[in-house]
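Here is what each chain is made of, one letter per residue.
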Amino acid sequence: MRNDRELPAPPPVAGRVLDADLELLDRQILDPDGVPISAVDDLELSTPADLARLDPQHPPVVQALLTGPILMTRIFGGRLPESRFIRIPWSIVTRVGTVVSVGAAADSLDASWTERWMRDHVISRIPGGRHDPE
Amino acid sequence: MILSDLLGSPVLTADGERVGQVVDARLALDGPPDGFMVRTRVYGLVVSPHAHRSFAGYERTGVDAPALIARFLSWRARGSVLVLWTDLASFTDDVVRLRPGARLYSPRLEHSGP
Amino acid sequence: MKGIFAVALGVLTAIGGFVDIGDLVTSSLVGSRFGLTLGWVLIVGAVGICLFAQMSGRVAAVSGRATFEIIRERLGARMALANLSASFLINLLTLAAEVGGIALSLQLASSIEPALWFPVAAIALWIVIWRVKFSILENVTGLLGLALLVFAVTVFFLHPDWSALGSQFLLQPSPHSNEAPATYWYYAIGLFGSSMTPYEVFFYSSGAIEEKWTPKDLKQSRLNVLVGFPLGAILSLSIVACSAIVLLPKGIGVASLFETALPVAQAFGKIGLIIAILGFVAVTFGAALEVTLSSGYALSQFFGWPWGKFRRPAAASRFHVVMILSLLAAIGILFTGVDPVQLTEFSVVFSAIALPLTYLPILIVANDPGYMGDQVNGKVTNFFGLVFLGIVLLASIAAIPLMIISGAGA
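Residues numbered from 1 in each chain as written. Chains lettered and ligands numbered in written order. Predicted model: local features only at pLDDT ≥ 70, side-chain atom pairs only at ≥ 80, totals over all residues. Heavy atoms only, no water.

Colleague: Where do I start with the sheet that holds strand S4 (residues 42–45) of chain A in this structure?
Modeller: Sheets are built from strands that pair by backbone hydrogen bonding, the pairs being arranged parallel or antiparallel. Residues and elements named next belong to chain A. Overall, antiparallel pairing links the three strands, which are arranged S4-S5-S6 in an open sheet. If you trace the sheet from one side to the other, it starts and ends with S4 and strand S6 (86–89), each paired once. Taken pair by pair, the neighbouring strands of this sheet meet at an average axis angle of 35°, ignoring direction. Bridge count between strand S5 (residues 62–67) and S6: four bridges; the pairing is antiparallel. Across the sheet, residue Leu-66 finds its bridge partner in S6, namely Arg-87. (Pairing = 2+ DSSP bridges. Helix = DSSP H or I, 4+ residues; strand = E, 2+ residues; numbered from the N terminus. Axes fitted to C-alpha atoms, helices over the stretch in contact; angles between N-to-C directions.)

Rendered as structure tokens:
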């Protein structure tokens, strides 16, 4: 049984290191006003050109946070077609801490579609839905 | 490719010996700027011979409280290792195969990073 | 002066907020069959809920995150989803029981069938959730719940045999030898589940975020919890005692809230009954609000949706839709004709089964420096936390076997 104290330290990285499942997956995503958008349900990585002969010079690159129905395929198995992916591009992520912050307003993102739909078709139809509680 | 394709996949050495299952992907934020972020690559995979999933990452972060729970979960994730992307040969049929001579590193987070 | 009011308000709200239909029914039922011999369970439960409510409030105030968000982050999506499913279902059961409790209380006041009150109660609940501010909602129901103090006063007015009560509380032998041990322990678990309700922890931590607590508010929170909850437990204990004094000797069983209120009616007549009913309506209504909100909190926090009464409904649409659907589901359960009292008895036992799911994640997160900085649990807190985790695990595992052996407490 290997003791991890006997294992060597890996080569250093000139930048931050993040364990995807531990520190990114299942985290809350907030917009610049602190409005929740969704949770990180999965991560989209670039697919290596040849999966049978991986190129050490070209590791997969993080492309987007994924949310929505992909959570169910992640938990229960199955495959979601890429056309149904709901993406939040990695390039708009501003900060990764206990929450993930993005630089675009919630309403401007695909990921908030369900929330906007509920708002426009259900909640707004009920009197008082748009007002602050008293 | 999505992350959950990798998670849970068995990892074998070049000789077909089982190392464990992928419990995490270690990312390195050391690329050129990309929007608000920097280009982020997969640096390596955290592989565990016992646990199917890392529960709260106790074996990597060094959090040791509450004592009983920390001990139990670290024990469960004992033998976890880090393998570098450069040491991966293939990822086909949901199996990750290592290159001959692949090295196993400590998965402790304070050992990676700047 | 204003400071003292705020402090008092917090404490008083906690007292009234501790009791719900589960406490009302289980306490009076237990008193009518076992006297005060199960009183110790209330004490243990009160210590447990104090410990974990305070922990969850601290986690929320320091980290700014509410319970279910953290459960998913720390335990992973699969386990959190299992946790959510179980918690949500039990929440629905509890909600149906609370709405049933509102109806039972109103039936006492009006002699109108509970079934007619179900939709009225649900609509009233929804209107309050839709339009009333969080803090007002909490304070009003909490304060009105203090009407239940009439039970504490009743205990003295009934001139009980104090030494007999004392010996029941301390010495344990059941006054009725025809109650099997399995039944005793089954009700112990039920009483435990009614004090350490899972929704309370979700609610308390989400409430801390609703009221925008910072670490400075923790002192007030500690006071609310450490003074308010034990006093609430004493209220429940008074209900047990009243039943032990009045119902037990006559062998009266608890089939509705009428029997629960009987000791008060006996001591104070109509005026006492009115005060008791006011208390019943306040605590069941307040608890129903909390459970409904908890359903919204749990689901929204798991999926990462915007939530909270501090947001306009239009800014937290799915959160509000979930609550509307929960109320409809609760009414649906009640309209199957199930007896609200029996429903309550089941909901407290299932709450006990679900407790480890809620408490383990809180204990783990309260120790995580990533969320808590240097405000992680101290060794003493961890020690008691682990002890209670052991107790809730034991209760959770033993619940179903005991239910089967005792025939669900028949």
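So much for the structure itself; the text now carries on.
Colleague: I tried to follow the interface of chain A and chain B on my own but got confused; where do I start?
Modeller: Accessible area lost upon the coming together of the parts is a frequently used measure of interface size. With 52 residues of chain A in contact, the opposing surface of chain B contributes 57 residues. Regarding the contact of chain A and chain B, the summed buried area is about 4600 Å², with carbon and sulfur atoms giving 63% of it. There are two salt bridges connecting chain A and chain B. Its salt-bridge partner being Arg-79 of chain A, residue Asp-5 of chain B comes within 2.6 Å of it at the nearest N-O pair. There are 24 residue pairs in polar contact (both at pLDDT 80 or more) connecting chain A and chain B. Ranked by the residues each element gives to the side of chain A that touches chain B, the list is headed by helix H1 (residues 20–24) of chain A, at five residues. (Contact = heavy atoms within 4.5 Å. Buried area = accessible area lost by both parts, 1.4 Å probe. Salt bridge = Lys/Arg side-chain N within 4 Å of Asp/Glu carboxyl O. Polar contact = N/O pair within 3.5 Å; in protein donor to acceptor, adjacent residues only side chain to side chain.)

Colleague: It is not clear to me how the sheet that holds strand S8 (residues 100–102) of chain A should be interpreted in this structure. Could you clarify?
Modeller: Residues and elements named next belong to chain A. Here four strands make up an open sheet; going across it, the order is S3-S2-S8-S7 and the pairing mixed. This sheet does not close on itself; its edge strands, each paired only once, are strand S3 (36–39) and strand S7 (93–96). Geometrically, the sheet is characterised by an average inter-axis angle of 25° between neighbouring strands, direction not taken into account. Judged from the three bridges that link them, S7 and S8 form a sheet pairing that is antiparallel. Paired with Val-96 across the two strands is Val-100, which belongs to S8.

Colleague: How should I be thinking about a nonpolar patch on the surface in this particular structure?
Modeller: A cluster of nonpolar side chains, contributed by Leu-223, Leu-226, Val-227, Leu-231 and Ile-234 of chain C, occupies part of the molecular surface with about 400 Å² of accessible area. Relative to the elements of secondary structure, Val-227 of chain C occurs in helix H12 (residues 218–250). (Patch = residues over 30% accessible without salt bridge, like charges linked within 9 Å, V, L, I, M, F, W, Y side chains within 5 Å. Areas by Shrake-Rupley, 256 points an atom, 1.4 Å probe, with all protein chains shown as cover.)

Colleague: I would appreciate a short explanation of helix H11 (residues 198–210) of chain C in the present structure.
Modeller: Owing to its 3.6 residues per turn, the α-helix aligns residues three or four sequence positions apart on the same side. Residue and element names in this part refer to chain C. Under the 1.5 Å per step criterion, the end-to-end length of H11 is 19 Å for 13 residues, consistent within 8% with the ideal 18 Å. Burial analysis of H11 places 13 of its 13 residues in the buried class, which makes it a mostly covered element. Count one or two residues on from H11 and you reach Lys-212, which has phi positive near 55°. (Expected span 1.5 Å × (residues − 1). Buried < 20%, exposed > 50% of the residue type's maximum accessible area, 1.4 Å probe, protein only.)

Colleague: What is the right way to read the packing of helix H4 (residues 67–75) of chain C against helix H15 (residues 340–365) of chain C from this model?
Modeller: Packed helix pairs are characterised by how far apart their axes lie and by the angle those axes make with each other. Residue and element names in this part refer to chain C. The interhelical angle for the contact between H4 and H15, taken along N-to-C directions, is 75°, at an axis separation of 10 Å. Here H15 runs roughly perpendicular to H4, going by the angle between their axes. Side by side, H4 and H15 meet where Thr-67, Ile-70, Ile-71, Arg-74 and Leu-75 of the first sit next to Leu-357, Pro-361, Ile-362 and Val-365 of the second. Of the residues that constitute the contact of H4 with H15, the class distribution is seven nonpolar, one polar and one charged. (Parallel < 35°, antiparallel > 145°, perpendicular 65-115°, else oblique. Nonpolar A, V, L, I, M, F, W, Y, C, P; charged D, E, K, R; others polar.)

Colleague: Would you explain unusual backbone geometry in this entry?
Modeller: Most of the time, phi is negative for any residue but glycine, and the peptide bond is trans. Although it is not a glycine, Asp-26 of chain A adopts a positive phi angle of roughly 70°. You can see Asp-26 of chain A is positioned in the loop between H1 and strand S2 (28–30). The class of Asp-26 of chain A is buried, set by a relative accessible area of 3%. Although it is not a glycine, Asp-93 of chain B adopts a positive phi angle of roughly 50°. Assessed through its relative accessible area of 71%, Asp-93 of chain B is described here as exposed.

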